[in-house]
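# Coordinates in review
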Amino acid sequence: MTSFILVAGAFTGAHVWEETAAHLAAAGADVHPVALAGLDGPAGGADAGLDRHIADVVAVIDAVGGASGREVVLVGHDYGIHPVVGAADRRAGRVARIVYLDSGLPRDGVPALAAVPDQALRARLAEGTHGGGAVPPPDRAGWQRWGSTAGVPEEALDRLTALAAPHPVGTLLQPLRLTGAVAAVPATGVLCTGNGTSIELVRMLVRSGDPAVRALAGSGARFFELATGHWPMLSCPADLARVLLRAASGEGDLLRPPGEDEPAAHTRPFLFEVPEAARVRKENADLYLPAARGPRPAVVFVHGGPVPADVRPTPREWPLFTGYARYAAELGVVGVSVDHRLHGLGDFERAAADVAAAVDVVRADRRVDADRVALWFFSGGSLLAADWLSAPPVWLRCLAATYPVMVPLPNWGPADSHFHPARAVAHAGALPVVLTRVGLELPEIAATVEEFLASAEDCGARVEVVDVPHGHHGFETRDPTDASRAAVRQAMRSVLTHLTDGV
């Protein structure tokens, strides 16, 4: 039999586990929701740091593991995964499994602040301008800033709000320190699809070459999905209990780790041959020059993300983007691949600044017609298109997006972020948009594209859709078919038509 130690997320406490704990107990499990200092734990915890919360979990492990002889499974939801991982690192020999319940992946030396989805709050805390020892809990409408409340009954949301406690700032700012012992503890991820994460999305990250996720795939970690929002203990406690029992027994989907010789998706060749072109590197932009003389229009290709900072080569040298840029040069315009610093979900502001700086560099180049520029966004980088849609400059002749994310996913930060192309398109005016849509898109991303297209139709925006019915996200390196090649050529032809009209 199993002892479950349950650790709740920010602002919450042991009370959120009541129904799930009852279902687990009915199945014969031993259940111990943890009281964390400063939340619903011992008095005097308002100034608690992460170490104090780790100690709270360790104390329960010591009491449970020493007394019952049962296997101990630690479950961390949201912020709670940080003290869970810290405690497991200190008591690795007593922990049979860690369950990551719709949470991030804590890393040694990184504070829990890095996983806070509210970007504005994260910035204030990082700068020390928050002005208090605790973060006030959300009001009833504010929980959406911390994760999707899909499926949570109205009365449960009322109770969550009524019992919420200020969260000690120190627990978010203190870096997690690990010895490495926790790496030997088996892990299970429970992903809440209503909050924007799915097993297929994790598989896509494995294919993308993200080192941390590739290592996770090779670790033997198991995965489950729940079709609900970020608080499954409130929205579907019985389903959550069943999944936790199965996780404890080692069940769950196993990701296939990439083979030693299997290249990451971003290193695979472009889907058709394009001739070499002269390349000029300027700051964070690489300009691929056409044979034609005189100032030429330019297409700036903006990669997706987040992309880990240590990935090499950097995106502007990936075959996908050099292929697009060289193809543009072959057709007589300047193709530009750029690097931007969208390394995490808190980096959209600086990534937007990087893209704007690259555009300035491109337009200032004497080989570029500064009055004829197109921007072409990909995947998660498409959220950066919002600024250009909301106030398109006169020189921006076309905006393109390929397998784009057009609305922030629920766990990517507040829905009221201005990086929201589906809202920004209302201000696009006559700016033409060319959108490449793949038929085998992840459902959570496909929903953002449909929301964008509905908004565009409502406001009369000029949107051309290029469909790849049997294409996956990243089809240019995954699906080298005639249909894929035709779609890329059609999208490029449309962009260049807008870009060179009247030349």
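Residues numbered from 1 in each chain as written. Predicted model: local features only at pLDDT ≥ 70, side-chain atom pairs only at ≥ 80, totals over all residues. Heavy atoms only, no water.

## Brief notes about the pairing of strand 14 (residues 368-378)
- The element strand 14 is extensively covered by neighbouring structure, given that 8 of its 11 residues are classed as buried.
- Examined bridge by bridge, strand 12 (residues 296-302) and strand 14 share 6 bridges and lie parallel to one another. Across the sheet, the residue bridging to V299 is A374, located in strand 14.
- When strand 14 meets strand 15 (residues 396-402), the two strands line up parallel, connected through 6 bridges. Bridge assignment links F377 to a residue of strand 15, and that residue is A401. (Buried < 20%, exposed > 50% of the residue type's maximum accessible area, 1.4 Å probe, protein only. Helix = DSSP H or I, 4+ residues; strand = E, 2+ residues; numbered from the N terminus. Pairing = 2+ DSSP bridges.)

## Concerning the packing of aromatic side chains
- Within this structure, the stated rule accounts for 17 aromatic pairs.
- Relative to W395, the ring of W388 lies with its centre 5.8 Å away and its plane at 65°, an arrangement referred to as edge-to-face. The burial state of W388 is the same as that of W395; both residues are buried.
- Residue placement shows R489 over the ring face of F272; its charged tip is 4.3 Å from the ring centre. (Phe/Tyr/Trp six-rings, centres within 6.5 Å; stacked < 30°, edge-to-face > 60°. Lys NZ or Arg CZ within 6 Å of the ring centre and 35° of its normal.)

## Some remarks on the nonpolar core
- By size, the foremost hydrophobic cluster in this structure holds 81 residues, and its most contacted members are F4, W17, L74, V75 and I98.
- Sort the elements by how many residues they give to this core and helix 2 (residues 50-68) lands first, with 7 residues.
- By size, the runner-up hydrophobic cluster in this structure holds 54 residues, among which are A285, V336, L431 and A461. (Core = buried A, V, L, I, M, F, W, Y, C linked by side-chain atoms within 4.5 Å.)

## A few points about the sheet that holds strand 16 (residues 433-438)
- Overall, mixed pairing links the 8 strands, which are arranged 10-11-13-12-14-15-16-17 in an open sheet. A strand with exactly one partner marks an edge of an open sheet, and here the two such strands are strand 10 (278-282) and strand 17 (463-468). On average, adjacent strands in this sheet sit at an angle of 20° to one another, irrespective of strand direction.
- One ladder, built from 6 bridges, connects strand 16 with strand 17; its direction is parallel. Each bridged residue has a counterpart across the sheet, and for T436 the counterpart in strand 17 is V466. (Axes fitted to C-alpha atoms, helices over the stretch in contact; angles between N-to-C directions.)

## Digging into the pattern of salt bridges
- Summed over all chains, the structure comprises 25 salt bridges.
- Among the ionic pairs, E18 bridges to R159, the shortest N-O distance being 3.2 Å. Of this pair, E18 sits in helix 1 (residues 18-26) while R159 sits in helix 5 (residues 154-163); the two residues are 141 residues apart in sequence, bridging distant segments of the chain.
- A relative accessible area of 46% means that E18 is categorised as partly exposed.
- On the basis of relative accessibility, which here comes to 38%, the residue R159 falls in the partly exposed class. (Salt bridge = Lys/Arg side-chain N within 4 Å of Asp/Glu carboxyl O.)

## Overview of helix 11 (residues 319-330)
- For helix 11, built from 12 residues, the straight-helix expectation of 16 Å at 1.5 Å per residue is met to within 8% by its first-to-last C-alpha distance of 16 Å.
- With respect to burial, helix 11 is a largely interior element, 10 of its 12 residues being buried.
- Buried within helix 11 we find L320, F321, T322, G323, Y324, A325, R326, Y327, A328 and A329.
- At the C-terminal side of helix 11, G332 shows a positive phi close to 100°. (Expected span 1.5 Å × (residues − 1).)

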